[in-house]
Amino acid sequence: MKVDHIGIAVRSLKEGLEPYRVLGLELAGTEEVPGQGVRVGFLPLGETRLELLEPMGEDSPIGRHLERRGPGLHHICLRVDDIRASMSRLREAGMRLLSDEPQAGAHGCLVCFVHPASTGGVLLELSQPTDEG
Ligand code: ZN
């Protein structure tokens, strides 16, 4: 298992990118994930990457997060080999998942979020790469 990416909520990719651009990092690409109402900007960083998350509308999870808390750290994503098995283990341990089934994430991955109430305040994402990625 490893950290797949760290998700950072930004009002705009351009604004959110600025401090990383100054440090010499570059946006490797962007992708829209309509199912999650988010436009993602990828910043590769060694074996992991930062993902800047720009809302595609106010009524999206990131849009609502920005309204309540402003920009900042949003979630940590762990890469897993078998997301359904990981979800079962979490469920059996009484943890609260935000969806019953894996959802489509960026890069063709299957993803699932674990509610912060179950993880000491960290919004945790699990991601399983697929052949599409
Ligand atoms: Zn993510």
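Residues numbered from 1 in each chain as written. Predicted model: local features only at pLDDT ≥ 70, side-chain atom pairs only at ≥ 80, totals over all residues. Heavy atoms only, no water.

**Structural notes on the layout of surface pockets**
Logical step 1: Of the volumes computed, that of the largest pocket is approximately 830 Å³.
Logical step 2: Pro61, His74, His75, Phe113 and Leu123 are the residues nearest the centre of the largest pocket, which is lined by 36 residues in total.
Logical step 3: Broken down by element, the residue count for the lining of the largest pocket peaks at 6 residues, all from helix 2 (residues 61–69).
Logical step 4: Reported here for the second largest pocket is a volume of approximately 220 Å³.
Logical step 5: Counting residues per element, the ones that place at least two in the lining of the second largest pocket are strand 5 (72–79), helix 3 (83–92) and strand 8 (124–128).
Logical step 6: At 3 residues, helix 3 tops the list of elements feeding residues into the lining of the second largest pocket. (1 Å grid on protein atoms, 1.4 Å probe; cavity = no way out; pocket = protein on both sides within 12 Å on 5 of 7 lines; lining within 4 Å. Points joined across faces, edges and corners; volume = space filled by probe spheres on them. Helix = DSSP H or I, 4+ residues; strand = E, 2+ residues; numbered from the N terminus.)

**A look at the pairing of strand 3 (residues 38–45)**
Logical step 1: As judged from the 5 bridges shared by strand 2 (residues 29–33) and strand 3, these two strands associate in the antiparallel manner. Residue Glu32 lies in a different strand from strand 3, and its bridge partner there is Arg39.
Logical step 2: Pairing of strand 3 with strand 4 (residues 48–55), which is carried by 8 bridges, proceeds in the antiparallel orientation. Following the sheet pairing, Leu43 is matched in strand 4 by Leu50.
Logical step 3: Hairpin geometry of strand 3 and strand 4 is characterised by an intervening segment of 2 residues between the two adjacent antiparallel strands and by a positive phi of about 60 degrees at Gly46. (Pairing = 2+ DSSP bridges.)

**Considerations on a nonpolar patch on the surface**
Logical step 1: On the surface, Val3, Ile76 and Val122 cluster together into a nonpolar patch covering about 180 Å² of accessible area.
Logical step 2: Here Val3 lies in strand 1 (residues 2–9).
Logical step 3: A residue is classified by how much of its surface remains accessible, and Val3, at 34% relative accessible area, is partly exposed. (Patch = residues over 30% accessible without salt bridge, like charges linked within 9 Å, V, L, I, M, F, W, Y side chains within 5 Å. Areas by Shrake-Rupley, 256 points an atom, 1.4 Å probe, with all protein chains shown as cover. Salt bridge = Lys/Arg side-chain N within 4 Å of Asp/Glu carboxyl O. Buried < 20%, exposed > 50% of the residue type's maximum accessible area, 1.4 Å probe, protein only.)

**A word on the coordination of the zinc ion**
Each angle at a metal carrying four tetrahedral donors should ideally be 109.5 degrees, and each at a metal carrying six octahedral donors should ideally be 90 or 180 degrees.
Logical step 1: Taken together, His5 (NE2), His75 (NE2) and Glu125 (OE) make up the full set of protein donors to the zinc ion, lying 2.0 to 2.1 Å away.
Logical step 2: Between consecutive donor residues of the zinc ion, the sequence gaps follow H-x69-H-x49-E. Here Glu125 lies in strand 8 and His5 lies in strand 1, a separation of 120 residues in the sequence.
Logical step 3: Residue Glu125 is classed as buried on the basis of its relative accessible area of 6%. (Donors = N, O, S within 2.8 Å, 3.2 Å for Na, K, Ca; no water.)

**Some points on the side chain of Gln128**
Logical step 1: Along the chain, Gln128 turns up in strand 8.
Logical step 2: Given the relative accessible area of 17%, Gln128 is considered buried.
Logical step 3: With sequence-adjacent residues up to four places away left out, Gln128 is seen in contact with Val80, Asp81, Asp82, Ile83, Cys109 and Leu110. (Contact = heavy atoms within 4.5 Å.)

**Some details on the pairing of strand 5**
Logical step 1: The sheet contact formed by strand 1 and strand 5 spans 7 bridges and is antiparallel. Counterpart to Val3 in the pairing with strand 5 is Leu78.
Logical step 2: Two elements, strand 5 and strand 8, share 4 bridges in a ladder whose sense is parallel. The partner of Cys77 across the bridge, within strand 8, is Glu125.

**Here we look at the pattern of salt bridges**
Pairs can form between side chains of opposite charge whenever their charged atoms are close.
Logical step 1: The full count for this structure, using the stated rule, is 9 salt bridges.
Logical step 2: Two residues, Asp4 and Arg79, come together in a salt bridge whose shortest N-O distance is 2.8 Å. Within this pair, whereas Asp4 is found in strand 1, its partner Arg79 is found in strand 5, the two being separated by 75 residues in sequence.
Logical step 3: Its relative accessible area of 3% is what places Asp4 among the buried residues.
Logical step 4: One salt bridge in this structure joins Arg64 and Asp59, with 2.8 Å as the shortest N-O distance.
Logical step 5: The exposure class assigned to Arg64 is partly exposed, which follows from its relative accessible area of 37%.
Logical step 6: Bridged by salt links that share partners, the residues Asp4, Arg49, Glu51 and Arg79 form one connected network.

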